[in-house]
Amino acid sequence: MLATRGAHRFFKKHQPFLGFPVKSFYWFSKTTINHVHSFMQPKQKKPVRQVNRLARKSTKFFQKQDIDLPKDFMRDTITRISHILRFSTWDSAQEQLMKLTIKWDSYTVNQVLKTHPPMEKAWLFFSWTSKLEGFKHDQFTYTTMLDIFGEAGRISSMKYVFEEMQDKGIKIDAVTYTSLLHWLSNHGYIDESIKLWQDMKDKGCVPNVVSYTAYMKCLFDHNRVKEGAKIYKEMLQSGCSPNCHTYTVLMEHLASSESHLYMYCNWFSGQFDGVLEIFIKMQDAGVQPDKATCNILVEKCCKAGETQAMMNILHYMKEKFLVLRYSVYQEAFHTLKMAGVSDRLLRDVNRHLSLEKFNKDQVDESDGTAESSCFTLDDRMILYLLNKQSLLAVDYLLDSMMNKRLKLDPAIVSTVVEVNCNRGRVNGAFLAFEVCVKLGIVIERITYLIMVGELIRANSFSRVVDVVEAMVVAGLSLGSELSALLIHRLGCAREPTSAEKLFSILTDQQKSIAVYTALINTYFTCGNADKGLEIFETMRKQGKNVALSTYCVLLNGLERNGLFDKVQCYRKEKKTFKSESCSREMSMEETVCDLLFAGYLGD
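Residues numbered from 1 in each chain as written. Predicted model: local features only at pLDDT ≥ 70, side-chain atom pairs only at ≥ 80, totals over all residues. Heavy atoms only, no water.

Our working definition: UniProt positions are given in the numbering used here, feature names are shortened, and annotations may be inferred rather than shown by experiment.
For the protein, an unreviewed UniProt entry supplies the name Pentatricopeptide repeat-containing protein and the organism Anisodus tanguticus. Reading the Sequence similarities (unreviewed entry) entry of the UniProt record for the protein gives the comment "Belongs to the PPR family. P subfamily."

So, in structure tokens, the structure goes:
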């Protein structure tokens, strides 16, 4: 106030030089001060209109109710539950889930399952929620559980869930049938897919465009071209309009198949003439090819050497501002170069790729990542976080990318696995492995072996089997020696189930004498002598040679389990075998087995 009065006296003294009266300035100053004070304490004004009064009351009501509003969004709750299932044992996860103060409904459970937690925990969670009071699974949660089993290749489990749906009278719609026939076809059960399609129609379930498209793809993938073309005609006759994915399936099959699909439709004569014709017709029908469609077609053109068709697709991509994936861009660049065709249009469409250079300063050289690689933004982000040693942030980023199905460079994932293993972070390494399985990324054999070693040290034997299974699926061999050592280690840890599963994963060529001997020793160590004898007899029936150490393991196991009546019989066989082996040269398999189980040879 004193400052205001001093200013007033100053302006009054110099009023002749001012263009406004002092009183108006005093009013302005007073108003300004009052306005500033209004920020310091609330003014209570009487509302002029009824609308303002109601708004004021509603504001007060919500202010009072703020303490009762949920502080977490549903997506945060779902993420928290997913992390509990992903990073905790089931016993611990169950305790944490019981403490959550949320309402368990179909939407929540379905969204949690769609985050794809580990398959076993997803099923345990599914079964656990079914026992909650007031909760009941519906067609959405059942269908998601079907997808989880189908994607993992557990066809028998998928069929069990479907049968349970039927027994409980759960509504089965086209989405459920589509999921079933897709996974059946993906794992080679095309006849069952065809039967399921007929059952769906017999039960009055009307197929939609997704169902028709998925079934057509199943038929085309198994070279049933006539049936696929028939289904396409049936879809058109039913009034179901094809979507972008439908056209993509047609063009993809036509581009890659030697037998011309449209010979049966009497439309086109040539493969890529037909592809381009469909490409134009779908635009005339109001369906615009998307980025995925263009990438698939360009890739097919590269494999067939069809540069002219590729140029037509690139022109469309340039008009629609669509771009290629880096791998497809490289393949297209190489194809055009080999054909002597200018790559100007390709570079114009993909300026971000043609100008992209990898800055090796962003890569930690100790990670051993190839400098010549061209990484995406996601790859660079993970490399940056690894360089900053922010491994927890890498975990969250990987989890997010896995849910969004964003692919990573295999070298990056290998680096993440190795860094986590070096730090003793088993969960972080296994999360990176799950990303590989989920997104179909194949990493190096040495990376798998590093993870196996770390998991064994952490006594996480069930995860070890998952890693070996992924190796076999990727076409990588663990090796008979390592397989035998691993089965023997599982036996010492009294994990016969994991050892048996590991044995079943191996191919017949990988099941050497040492592998059989390790499995026999595992059963004897775990007290299952009958199973150990059964494996030994199976080994001989299949024509597998027996090593001296195999007899030693067998006799030692029989004595430990108190089967002395059978010891004498096999001891005689051992003597006979030993005398015969002196007159012949030992095979490499026998030598390896004797070296691995040398501790039993003195028995």
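1. A look at the overall build of the protein
Note the following rule: Here a strand is any run of E in DSSP of at least two residues, a helix any run of H or I of at least four, and the numbering for each starts at the N terminus. The contact rule is simple, with two residues in contact once any of their heavy atoms fall within 4.5 Å.
A count of helical and extended segments in the protein gives 33 helices and zero strands. When contacts within the protein are restricted to residue pairs at least 6 apart in sequence, long-range pairs at least 24 apart make up 62% of them.

2. Concerning the side chain of Ser106
We count it as follows: Whether a residue is buried, partly exposed or exposed follows from its accessible area with a 1.4 Å probe, protein chains only, as a fraction of its type maximum: under 20%, in between, or over 50%, in that order.
Residue position: Ser106 is located in helix H6 (residues 106–114). Taking the relative accessible area as the measure of exposure, Ser106 reaches 17% and is therefore buried. Leaving out residues up to four positions away in the same chain, Ser106 has contacts with Phe135, Asp138 and Thr141.

3. Some words on the nonpolar core
In plain terms, the rule: Note on terminology: a nonpolar core comprises buried Ala, Val, Leu, Ile, Met, Phe, Trp, Tyr and Cys residues joined through side-chain atoms within 4.5 Å.
With 87 residues, the main nonpolar core has Leu97, Trp104, Phe125, Val298, Leu314 and Met317 as its most contacted residues. Ranked by the residues each element gives to this core, the list is headed by helix H12 (residues 209–221), at eight residues. For Leu97, the residues in contact, after removing those within four places along its chain, are Ile81, Leu85, Trp90, Trp104, Phe125 and Trp128.

4. A look at unusual backbone geometry
For His116, which is not a glycine, the phi torsion comes out positive at approximately 55°. Looking at the element boundaries, His116 is found in the loop between H6 and helix H7 (119–130). Under the relative-accessibility criterion, His116 is labelled partly exposed at 23%. The backbone of Arg494 sits at a positive phi, close to 60°, despite the residue not being glycine. Topologically, Arg494 is positioned in the loop between helix H27 (480–492) and helix H28 (496–505).

5. As for the confidence of the model for the protein
Here is the rule: The predictor attaches a confidence to each residue, called pLDDT, with possible values from 0 through 100.
Of all residues in the protein, 80% have pLDDT values of 70 or greater, and the mean over the chain is 77. Here residues 16–20 scores under 50 on pLDDT; set against residues more than four positions off or in separate chains, the count is two contacts. Long-range and interchain partners of residues 22–48, a stretch whose pLDDT sits below 50, account for 12 contacts in this model, where long-range means more than four residues apart.

6. What to know about the packing of helix H25 (residues 445–457) against helix H26 (residues 461–473)
Test applied: Axes, fitted as lines to C-alpha atoms, cover a helix only where it is in contact. Angles between the N-to-C directions of the axes lie from 0 to 180 degrees. When an angle is under 35 degrees it counts as roughly parallel; over 145 it counts as roughly antiparallel; between 65 and 115 it counts as roughly perpendicular; any other value is oblique. In this scheme the crossing of two helices becomes right-handed for a clockwise turn of the near helix relative to the far one and left-handed for an anticlockwise turn of less than a right angle. Only Asp, Glu, Lys and Arg are considered charged, only Ala, Val, Leu, Ile, Met, Phe, Trp, Tyr, Cys and Pro nonpolar, and every remaining residue, Gly among them, polar.
Following both chains from N to C, one finds H25 and H26 inclined at 170°, their axes separated by 9 Å at the closest point. For the element pair H25 / H26, the angle class is roughly antiparallel. The interaxial crossing formed by H25 with H26 has left-handed handedness. Contact with H25, carried on its side by Arg445, Tyr448, Leu449, Met451, Val452, Leu455 and Ile456, involves Phe461, Arg463, Val464, Val467, Ala470 and Met471 of H26 and no other residues of that element. Of the residues assigned to the contact of H25 with H26, the class counts are 11 nonpolar, no polar and two charged.

7. Description of the state of the cysteines
The following threshold applies: Disulfides are defined as pairs of cysteine sulfur atoms found within 2.5 Å of each other.
For the coordinates displayed, the defined rule picks out zero disulfides. Residue Cys244 stays outside any disulfide, its sulfur separated by 8.0 Å from that of Cys294, the closest cysteine. On the basis of relative accessible area, Cys244 is assigned to the buried category, the value being 13%.

8. Description of the packing of aromatic side chains
Any two aromatic rings considered together are summarised by their centre-to-centre distance and by the angle between their planes. Stated formally: Centre distance within 6.5 Å is the pairing criterion for rings of Phe, Tyr and Trp, where only the six-membered ring of Trp is used; planes under 30 degrees apart are then read as stacked, over 60 as edge-to-face, and the remainder as tilted. Each ring is checked for a lysine NZ or an arginine CZ that lies within 6 Å of its centre and within 35 degrees of its normal; such an atom marks a charge sitting over the ring.
Taken as a whole, this structure holds 15 aromatic pairs when the rule is applied. Geometrically, the ring pair formed by Phe503 and Tyr516 is edge-to-face, given 5.1 Å between the ring centres and 70° between the ring planes. Here Tyr516 lies in helix H29 (residues 513–525) and Phe503 lies in helix H28, a separation of 13 residues in the sequence. Taken as a pair, Phe503 and Tyr516 share a single burial class, namely buried. An aromatic cluster of three or more residues is present, and its members are Trp123, Phe126, Tyr142, Phe149 and Tyr160. Note that Arg463 overlies the ring of Phe430, its terminal NZ or CZ placed 4.5 Å from the centroid. Over the aromatic face of Phe503 sits the side chain of Lys511, whose NZ or CZ is 4.5 Å from the ring centroid.

9. As for the pattern of salt bridges
Cut-off, in case you're wondering: Put simply, a salt bridge is a Lys or Arg side-chain nitrogen that is within 4 Å of an Asp or Glu carboxyl oxygen.
As enumerated under the stated definition, the model contains 17 salt bridges in all. Linking Glu434 and Arg86 is a salt bridge whose minimum nitrogen-to-oxygen distance equals 3.6 Å. Here Glu434 is found in helix H24 (residues 426–439), whereas its partner Arg86 is found in helix H4 (residues 74–87), with 348 residues between them in sequence. Between Arg347 and Asp343 there is a salt bridge, with its nearest N and O atoms 3.3 Å apart. The class of Asp343 is buried, set by a relative accessible area of 17%. Among the charged side chains, a salt-bridge network with shared partners connects Arg86, Asp399 and Glu434.

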